[in-house]
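Each chain is listed here by its residues.
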Amino acid sequence: MDNNALAQLLFPDVTASPDDMEKRFPPRQLPEGANVTRIGPSPTGFVHLGNLYNALIGERIAHQSGGVFYLRIEDTDSKREVEGAVDTVINAMNYFGVHFDEGAVSDGDNGAYGPYRQRQRKDIYHVFAKHLVERELAYPCFMTAEEIDEIREQQTANKENPGIYGKYAKCRDLTIEQIKENIDAGKEWVLRFRGTETDEYISVVDAVRGKLEMPRNNMDFVLLKSDGIPTYHFAHVVDDHLMRSTHVIRGEEWISSLPMHVELFNVLGWKQPIYCHTATLMKIDEETGGKRKLSKRKDPELALSYYQQEGISPDAIWEFLLTLLNSNFEEWRIANPDADINEFPYSLSKMSISGALVDLDKLRSISKDVIGRMPAEKIYSEWLGWCEKYNADFADLIRRYPERTIAALNVGRNAAKPRKDLETWKQACDFMSFYYDETFKISDDMPAEVDDATRKEFFAEYLSSYDHSDDSSVWFDKVKAITDKLGFAVKPKDYKKNPDQFKGSIVHITNMLRIALTGHANAPDIHEVSHVLGEDIVRARLEKFV
Ligand code: GLU
């Protein structure tokens, strides 16, 4: 067979050579040790937590080393493509503070190694496809889907490995005349790699998992589909070589195709990137109590949009993902409570390889700590940003009262054990609603220990002796005096010891006051809250009970 003639027949328009491609995409000029990483999401419109998880690793590995982190859109499967999906990915990553140095942008490309959308790189793949045909390492295959199905059935019945290889690779040895005839007859073809029958093993050192040993590829796998678009396997190898990725960070579901990738890197004479196969995201199943993979259908928390809609702060997500990703992160955080997260020395070798457990309760608790450490001004601006998108009325409200809001965000933060009331921006709209008359409402029931007459008497006394300039201890002495006068125990333990001697205790009185002022029995310090609200609002809210 004249391989050059076949290559010319299959790829008449390709004039460039692999060398031309090497020149067009030269090795990057980066300092020694700088890493180049990427994410390669498919533009399906669904950005999942796994995308962010891998992005965060790539971002750290690149930026920690002074390297480059880029976005490549893997759109080889046009059936799954959704319009606007590139923007969705970029916006979601942006929201979570993951920024790309280069790659696909909304309306094109940013960088010298593009195009960064795979379908626009068809010409580039074809250069290498032609080159492989010339070297007798690839051939056109005309098998129909029915023929392939039949083979699969036969293989299943014979308990053989599934796939096109050896005797099943029916188009391997077609003559150039037969190929021409098929093409002239309008038959569709795919380009297959010519696999080697072998019992050798390959060994790859994965940066996360250590040494992986697996049988060398013997499959005639597909390089180009019938529309000339590459498969993931071919595109991955060509792109990560030409874009000069040093590390390929991707989910562990790709481990089984590693032999194909290794084969391609070898025959093309290219250096393999460092592979990092990350653990699948898991959760505890509510019904069975066992671990299982997160599912797109059952688990809203798999979608990145869930965290945006809930208003989880990007800082909390990073902190949460780093906890999942590096076993020593939590320890580091305890030792460096105020350090910027980017100071944490992220390391691939500290990654867990058993499934990463996504525990939303843990996320919420991390989020409370993270918001607890944030300056009130930062909370205000992040929260406002979220409200503008998801709760316009609340955005108006906190924009109308910026000073009150900042003061409210500072309530309880200077105590020995600072309050951590806020978990998410969505929950903040609920929790903070009592600071504004526009959203204030009484949610909890008044304590039953205080009858109607006593309640009225309490509020009348409270208001007549109320002096907004009292400091917290003078204020509390007044509350105690009224409590005592109304027949309630000033010390809760006195009431506990002799419940018959009192109508109730100071706890009931202050709960009543707190509910009148905030709507909730569980709310921050009354004196502090009163000073955030201001005298007019305090009096107006309490007068309703007189
Ligand atoms: N498009 C692939 C995916 O979404 C990317 C895998 C990779 O990063 O190589 O799983």
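That block above? That's the structure.
Thresholds, definitions, all that
Residues numbered from 1 in each chain as written. Predicted model: local features only at pLDDT ≥ 70, side-chain atom pairs only at ≥ 80, totals over all residues. Heavy atoms only, no water. Axes fitted to C-alpha atoms, helices over the stretch in contact; angles between N-to-C directions. Helix = DSSP H or I, 4+ residues; strand = E, 2+ residues; numbered from the N terminus. Parallel < 35°, antiparallel > 145°, perpendicular 65-115°, else oblique. Left-handed = near helix turned anticlockwise from the far one by under 90°. Contact = heavy atoms within 4.5 Å. Nonpolar A, V, L, I, M, F, W, Y, C, P; charged D, E, K, R; others polar. Pairing = 2+ DSSP bridges. Salt bridge = Lys/Arg side-chain N within 4 Å of Asp/Glu carboxyl O. Buried < 20%, exposed > 50% of the residue type's maximum accessible area, 1.4 Å probe, protein only. Right-handed = clockwise from strand over helix to strand, strands pointing away. Phe/Tyr/Trp six-rings, centres within 6.5 Å; stacked < 30°, edge-to-face > 60°. Near = heavy atom within 4 Å. Polar contact = N/O pair within 3.5 Å; in protein donor to acceptor, adjacent residues only side chain to side chain. Areas by Shrake-Rupley, 256 points an atom, 1.4 Å probe, with all protein chains shown as cover. Patch = residues over 30% accessible without salt bridge, like charges linked within 9 Å, V, L, I, M, F, W, Y side chains within 5 Å. Lys, Arg positive; Asp, Glu negative; His and termini not counted. Charge placed at Lys NZ, Arg CZ, Asp CG, Glu CD. Disulfide = S-S within 2.5 Å.

Caption draft 1: Structural detail: the packing of helix H8 (residues 232-242) against helix H9 (residues 258-268). Running from amino to carboxyl end, H8 crosses H9 at an angle of 50 degrees, the nearest separation of the two axes being 10 Å. The angle between the axes of H8 and H9 places the two elements in the oblique class. For the pair H8 and H9, the crossing hand works out as right-handed. Seen from H8, the contacting residues are Tyr-232, His-233, Phe-234, His-236, Val-237 and His-241; seen from H9, they are Met-260, His-261, Leu-264, Phe-265 and Leu-268. Class assignment of the residues belonging to the contact of H8 with H9 gives a composition of seven nonpolar, four polar and no charged.

Caption draft 2: Geometry of the sheet that holds strand E13 (residues 291-293). Pairing in this open sheet of three strands is mixed, and the strands run E13-E12-E14 from one edge to the other. With partners counted over all chains shown, the strands left at the sheet margins are E13 and strand E14 (356-357), one partner each. Where strand E12 (residues 281-284) meets E13, three bridges bridge the pair, whose relative direction is antiparallel. Counterpart to Lys-283 in the pairing with E13 is Arg-292.

Caption draft 3: Region of the structure containing the pattern of salt bridges. Under the definition given, this model contains 41 salt bridges. For Arg-60, the salt bridge goes to Glu-59, with nearest N and O atoms at 2.9 Å. For Glu-59, a relative accessible area of 8% translates into the label buried. Here Lys-378 and Glu-382 are joined by a salt bridge, their closest N and O atoms 3.8 Å apart. Remark: Glu-382 and Lys-378 occur in helix H14 (residues 376-390); sequence separation between them is four residues, near one turn of the helix. Here Lys-378 falls in the partly exposed class, since its relative accessible area comes to 31%. Salt bridges here are not isolated pairs; linked through shared partners, they connect Arg-38, Arg-72, Glu-74, Arg-121, Asp-239 and Asp-240.

Caption draft 4: Structural view of the pairing of strand E11 (residues 274-278). Here E11 lies mainly inside the structure; four of its five residues are buried. The parallel pair strand E10 (residues 247-251) and E11 is bridged by H9, and the resulting crossover is right-handed.

Caption draft 5: Up close: the packing of aromatic side chains. Summed over all chains, the structure comprises 25 aromatic pairs. Seen in terms of ring centroids, Phe-193 and Phe-221 are 5.1 Å apart; in terms of plane orientation they differ by 20 degrees. Their pairing is stacked. With Phe-193 in strand E6 (residues 190-193) and Phe-221 in the loop between strand E8 (210-215) and strand E9 (222-224), this residue pair connects regions lying 28 residues apart in the sequence. Aromatic pair Phe-458 and Tyr-462: ring centres 5.6 Å apart, planes at 25 degrees, arrangement stacked. Here Phe-458 and its partner Tyr-462 are both found in helix H18 (residues 452-465), four residues apart, which amounts to about one turn of the helix. Like Phe-458, the residue Tyr-462 is buried in the burial classification.

Caption draft 6: Structural detail: the site of the ligand. Taken together, the residues surrounding the ligand are Arg-38, Gly-40, Ser-42, Glu-74, Tyr-232, Ile-249, Arg-250 and Trp-254. Separating an oxygen atom of the ligand from a side-chain N or O atom of Arg-38 is a distance of 2.8 Å. Here a nitrogen atom of the ligand and a backbone polar atom of Gly-40 are 2.7 Å apart. For the ligand, whose accessible area on its own is 300 Å², the fraction buried by protein is 81%. Tallied by class, the residues present in the shell around the ligand amount to three nonpolar, two polar and three charged.

Caption draft 7: Geometry of a negative patch on the surface. On the surface, Glu-146, Glu-147, Glu-150 and Glu-153 cluster together into a negatively charged patch. Using a relative accessible area of 55% as the deciding quantity, one classes Glu-150 as exposed.

Caption draft 8: Layout of helix H22 (residues 526-533). Most of H22 is tucked away, with six of its eight residues classed as buried. Here H22 has its buried residues at Ile-526, His-527, Val-529, Ser-530, Val-532 and Leu-533. At its buried positions, H22 is contacted by helix H16 (402-410), helix H19 (472-485), helix H21 (506-518) and helix H23 (535-543). Its side-chain oxygen at 3.2 Å from the backbone nitrogen of His-527, Asp-525 defines the N-terminal cap of H22. At the C-terminal side of H22, Gly-534 shows a positive phi close to 90 degrees.

Caption draft 9: Looking closely at the state of the cysteines. On inspection of all chains with the given rule, the structure shows zero disulfides. There is no disulfide at Cys-387, and the cysteine sulfur nearest it, in Cys-429, is 3.8 Å away. By relative accessible area, which is 0% here, Cys-387 ends up buried.

Caption draft 10: Up close: the sheet that holds strand E5 (residues 138-141). Pairing is antiparallel across the open sheet formed by three strands, whose spatial order is E5-E6-E9. Edge strands, defined here as strands with exactly one partner in the open sheet, are E5 and E9. Averaged over neighbouring strand pairs, the angle between their axes works out to 45 degrees when direction is ignored. With four bridges connecting them, E5 and E6 associate as antiparallel partners.

Caption draft 11: Region of interest: the environment of Thr-454. Checked against the element boundaries, Thr-454 lands in helix H18. For Thr-454 and Leu-486, which are 32 residues apart along the polypeptide, the C-alpha to C-alpha distance reads 7.2 Å. If we skip the residues at most four places from it in the chain, Thr-454 touches Leu-486, Phe-488 and Lys-503.

Caption draft 12: Here's a closer look at the environment of Pro-447. In this structure, Pro-447 sits in the loop between helix H17 (425-431) and H18. Note on Pro-447: relative accessible area 13%, which makes it buried. Taking the C-alpha atoms as reference, Pro-447 lies 42 Å from Gly-290; in sequence the two are 157 residues apart. Beyond its immediate sequence surroundings of up to four residues, Pro-447 is in contact with His-508, Asn-511, Met-512 and Ile-515.

Caption draft 13: View of the side chain of Glu-102. Structurally, Glu-102 can be placed in strand E3 (residues 102-105). A polar contact is formed between the side chain of Glu-102 and the side chain of Arg-28, at a distance of 2.8 Å. Other than its neighbours up to four places away in sequence, Glu-102 contacts Arg-28, Val-68, Phe-69, Tyr-70, Leu-71, Asn-110, Gly-111, Tyr-113 and Tyr-116.

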